Every structure is written in structure tokens, then in C-alpha cells.
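# Geometric and topological summary
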Amino acid sequence: MTEGHADRGERRGKVTITEIAREAGVSVPTVSRVVNGRSDVAPGTRARVEDLLHRHGYRRRTATTSRTRAALLDLVFNDLDSPWAVEIIRGVEEVAHAAGIGTVVSAIHNRSGDARQWMTNLRARASDGVVLVTSVLEPVLHEELRRLGVPLVVIDPAGSPALDVPTVGATNWAGGMAATEHLLRLGHRRIGFVAGPPRLLCSRARLDGYRAALDRAGIAVDASLIVPGDFYQESGFTGCNALLDLAEPPTALFAASDQMAMGAVETLRRRGLRVPEDMSVVGFDDLPEVRWSAPPLTTVRQPLAEMGKLAVRTVLKLTRGEELDSPRVELATELVVRSSTAPVPAGRRGAGV
């Protein structure tokens, strides 16, 4: 147990802090905040918890036997080797720092052993909340968070999250549709798509947006123009090569991440093809570096830092026992047109590279 933090199982008089939390209908960290005299609890919630503490004769530690524990937030990624992770960390840290909360960043690498070790560490440091990014936890670990009363918010969930787990994402379907419609307006009809990991809802939504735009334009989806990817450069490089090797290659390519788009641009460069003269390229994310790429990349901006900020604000609401306006929030995406897309030359409309 971390010194100064009310023990989640230890008895003070007749009841445990966990029992108080259950009866009050709030999380264990919320009761802990009231016990430790913290100010970040809604007045109504504080009054309800204080009443229960008094009625049950809960005895608090005195200042001579306890030190106030710093508030902590766990931010958990599957991997940390992506520029978009930095953008989310930036947003999370900004709100957490302003609230006087420390941030612990972890990567579980999609391995159950790493996830269990993370849970052991979380129990030891008695974190107040968790933000999980594009990762999935085993049901037993979700249940452990519930048992501990630690609120969880998921950014870009992998699979379908539990109904009681709030999520923060972006309008991925609308973004996928906007990117594809932009290329259609430029006269492209054969548009390649490098997909993201199918386990992620955001990946599937971007692909569905691509398909919806083609359908709206009366263009049949050609399965040979859709290649797999994993959001990283190498898969964009490989996917673009596969599309260029088709008997009738596309005249434009939409990659479901900026990193894959940059991998595709490198493929075209090595093959002696020009962007956008020989092939237009669109990405997704609007990472800071793509505005400086050669050429600057047309992309779909998703507000990664804002998603991180909102996730922390949601955790803070949950720890204060406040109601959420909605458990499912999607922030708007925006098409950002730069220099990597151009109309199809008149002589090649309807044709490939």
C-alpha cells in the first residue's frame, strides 16, 4: 500500500473504504479523496460520502500518521514507437499537469504478461484512473479495475468496449469518406487504399468511409485496390508496391495513417514516380512532420491531443462521482489539402499509372 492513501481493504471502525464507495455509488478513489481532504470532489458527492463515513464511524488517519499521496493517472499504450502516441501524451499531460496529477506512461505490447505486470504496478502505486489507448485488456483485468474502483477511459478502442467503459475517438468514417471524395473530385476513379489493423474500430471505420464514398459516386469497390497495413511506414511501402504491380495500378492512394502514406511516397520515389504528378497520396492523422514532407501531405486531421485532453477530463469527472454527458464521444476530423494531391491528367482519366 502507498503510504498516506486510505487502504482499499483496511478497516477503519466498522467498514472498509470499498464498502463506503459501493454504498455511495462512487469510485474508491473518490472516497479516498474525501478521506484525505482533497478538494477535487463535487460538493454533493463529498456530502454524501462524508455522511456515510460519519454514520459508519469510519476513523481517518491523522496528519501525524499519514502523508498526502500525490494523485496519479496511468496512460497505457500498446506500443510507444509512433509519433501519434506523442501527440496523445502531449494532450494528456497538459490537462493532468494543470490538475496537479502525475502521469505514468506504460506500453503493454499486446502481451498478456505485460498487461498483468502493469496491473500489479498499478495496484502498488494506487493510481486514481486509467486512460487506455488502442489496446485491449483481458476481462479479468477489467474486472480488477472495477473491483479497485479505478475509472477507465479508452481512446480508439480495439474491439467493442464494455458498455460501462467511456470511449473517446474521432469521426473516422467521416474522415475516410472525406479523403476519398477529395480524390474523386480530382477525377480519380481507381483509388488504392492501404488499410490499418482490422482489430481496431478506427481502422474499420476509415475503410468503411472509403467504400461509402465510392458507392455514393457509383463506383464498384475493387478488392484488389485494398491492401493490408498496420499504420507503420513499412506496411505503406509494401502496400504501395503491391498496388503498383497490378495490371492496372491506381492513380491515387489513400493510406489510413500518415506513416503509411509516407511509406507509400518513398515507394513511388524509388520507382521514379512523382507525387502528385504520377500518383496522388492522402494520409490520415495530420502528424506535425507531414506538413514538412516533400511534397507536404494532404491528410485527414484527427485531433489527437484533444482526444487525450478529453480522456483525462472524463477520468477526472468519474473520480469526482460526476455524471458524463455521453459515454461515447467522437471529435470531428478535418480534411487538410496540401500538395500531394492533384487532378488526374486529362489523358489518363479512368486509367491507372
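Definitions and cut-offs
- Residues numbered from 1 in each chain as written.
- Predicted model: local features only at pLDDT ≥ 70, side-chain atom pairs only at ≥ 80, totals over all residues.
- Heavy atoms only, no water.
- pLDDT = per-residue confidence, 0-100.
- Contact = heavy atoms within 4.5 Å.
- Helix = DSSP H or I, 4+ residues; strand = E, 2+ residues; numbered from the N terminus.
- Buried < 20%, exposed > 50% of the residue type's maximum accessible area, 1.4 Å probe, protein only.
- 1 Å grid on protein atoms, 1.4 Å probe; cavity = no way out; pocket = protein on both sides within 12 Å on 5 of 7 lines; lining within 4 Å.
- Points joined across faces, edges and corners; volume = space filled by probe spheres on them.
- Nonpolar A, V, L, I, M, F, W, Y, C, P; charged D, E, K, R; others polar.
- Domains from an automatic or database assignment.
- Core = buried A, V, L, I, M, F, W, Y, C linked by side-chain atoms within 4.5 Å.
- Salt bridge = Lys/Arg side-chain N within 4 Å of Asp/Glu carboxyl O.

## Thoughts on the confidence of the model for the protein
- Looking at the protein, pLDDT values average 87 and 90% of them are 70 or higher.
- Predicted confidence for residues 1–13 stays below pLDDT 50, and this span has 45 contacts to residues more than four positions away or in other chains.
- Throughout residues 61–68 the model reports pLDDT below 50, and contacts reaching past four residues in sequence, or to other chains, amount to eight contacts.

## Side note on unusual backbone geometry
- A cis geometry characterises the amide bond from Val275 onward to Pro276, with omega recorded as 10 degrees.
- Relative to the helices and strands, Pro276 is located in the loop between α10 (258–270) and β11 (280–285).
- The omega torsion across Ala294 and Pro295 is -5 degrees, close enough to zero to call that bond cis.
- With respect to the helices, strands and loops of the structure, Pro295 is situated in the loop between β11 and β12 (298–301).
- A positive phi angle, near 55 degrees, is found at Ala126, a position not held by glycine.
- Note that Ala126 resides in the loop between α5 (112–125) and β5 (129–133).
- You can call Ala126 buried: its relative accessible area is 4%.

## Focus: the environment of Asp128
- Looking at the secondary structure, you find Asp128 in the loop between α5 and β5.
- For Asp128, a relative accessible area of 3% corresponds to the buried category.

## Points about the layout of surface pockets
- Put simply, the largest pocket is a space of about 520 Å³.
- Along its surface, the largest pocket is lined by 20 residues, and Val150, Pro151, Leu152, Asp164 and Leu318 are the ones closest to its centre.
- Of the residues that constitute the lining of the largest pocket, the class distribution is eleven nonpolar, five polar and four charged.
- The residue makeup of the lining of the largest pocket includes at least three contributed by each of domain 1 (4–63) and domain 2 (66–170 + 305–331).

## Let's talk about the nonpolar core
- Tyr210 and Leu253 are the most contacted members of the largest nonpolar core, which has 65 residues in total.
- Among all residues touching Leu253, those that are not within four sequence positions of it are Leu183, Gly192, Val194, Cys240, Leu243, Ala264, Met279, Ser280, Val281 and Val282.
- Counting residues in hydrophobic clusters, the runner-up holds 16 residues, among them Trp118, Met119, Val154 and Val165.

## Brief notes about the pattern of salt bridges
- Evaluated as defined, the whole model comprises 22 salt bridges.
- In this structure, Asp286 and Arg301 form a salt bridge, with 2.7 Å as the shortest nitrogen-oxygen distance. Taken together, the positions of Asp286 in the loop between β11 and β12 and Arg301 in strand β12 put the pair 15 residues apart, joining distant regions of the chain.
- The class of Asp286 is buried, set by a relative accessible area of 9%.
- On the basis of relative accessible area, Arg301 is assigned to the partly exposed category, the value being 32%.
- Between Arg301 and Glu334 there is a salt bridge, with its nearest N and O atoms 3.2 Å apart. Here Glu334 lies in strand β14 (residues 334–336) and Arg301 lies in strand β12, a separation of 33 residues in the sequence.
- Taken together, the salt bridges that share partners define one network made up of Asp286, Arg301, Glu334 and Arg338.

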